[in-house]
Amino acid sequence: SVDGTDRQQLIQYSDLAPATPGGNYLVTRSPTWSPDGSQLAFIVHEMDDRRNIYRINADGTGPVRLTHSHAVGRLDWSPQGDKIVFEKAIFQSMK
């Protein structure tokens, strides 16, 4: 739950849609509950150095990868809970 009581594991890495050969993942970070507590958004740092945002229902069903990126950073929900805002680094060559 949002307040940390009744803790339970919601998802196994193997449940996430494979994004890398073999579906290998390193770290899950930045878990953020939607304002109504019905969904959880989080960042998965994958073996090939990609960082993607996933969303899952509070009961562990319906995992969805929302981004396909290498440089996703912090995330948060809109006050209405209908959007997720996140930081993304843009790299440019210095010539």
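From a predicted model like this one, the values you see are computed outputs, not experimental measurements. (Residues numbered from 1 in each chain as written. Predicted model: local features only at pLDDT ≥ 70, side-chain atom pairs only at ≥ 80, totals over all residues. Heavy atoms only, no water.)

## As for the environment of Arg-50
Among the secondary structure elements, Arg-50 is positioned in the loop between strand S2 (39-46) and strand S3 (51-57). What Arg-50 contacts, discounting residues up to four positions off in sequence, is Val-44, His-45, Ser-69 and His-70. (Helix = DSSP H or I, 4+ residues; strand = E, 2+ residues; numbered from the N terminus. Contact = heavy atoms within 4.5 Å.)

## Some points on the nonpolar core
Ranked by size, the top nonpolar core spans six residues in total: Ala-41, Ile-43, Ile-53, Val-72, Leu-75 and Trp-77. Of all the secondary structure elements, the ones that give two or more residues to this core are S2 and strand S5 (72-77). Of the residues forming this core, the biggest block, three residues, is contributed by S5. Each residue touching Trp-77, except ones within four places of it in the same chain, is listed here: Thr-32, Trp-33, Ser-34, Pro-35, Gln-39, Leu-40, Ala-41, Arg-55, Lys-83 and Ile-84. In terms of nonpolar packing, the next biggest core, distinct from the first, is built from five residues, Leu-40, Val-44, Tyr-54 and Ile-56 among them. (Core = buried A, V, L, I, M, F, W, Y, C linked by side-chain atoms within 4.5 Å. Buried < 20%, exposed > 50% of the residue type's maximum accessible area, 1.4 Å probe, protein only.)

## Quick notes on the pattern of salt bridges
In this structure the tally under the stated criterion is two salt bridges. The salt bridge involving Arg-74 is made with Glu-87; its shortest N-O contact spans 2.6 Å. Within this pair, whereas Arg-74 is found in strand S5, its partner Glu-87 is found in strand S6 (residues 84-88), the two being separated by 13 residues in sequence. Of the residues examined, Arg-74 reaches a relative accessible area of 61% and is grouped as exposed. The exposure class assigned to Glu-87 is partly exposed, which follows from its relative accessible area of 39%. Ionic pairing is found between Asp-82 and Lys-83, a salt bridge with its closest N-O pair at 3.5 Å. With respect to class, Asp-82 is no different from Lys-83; both count as exposed. (Salt bridge = Lys/Arg side-chain N within 4 Å of Asp/Glu carboxyl O.)

## Remarks on the packing of aromatic side chains
Summed over all chains, the structure comprises one aromatic pair. The interplanar angle of 10° and the centroid separation of 6.0 Å between the aromatic rings of Phe-42 and Tyr-54 together place this pair among those described as stacked. Remark: Tyr-54 occurs in strand S3 and Phe-42 occurs in strand S2; sequence separation between them is 12 residues. The class of Phe-42 is buried, set by a relative accessible area of 5%. (Phe/Tyr/Trp six-rings, centres within 6.5 Å; stacked < 30°, edge-to-face > 60°.)

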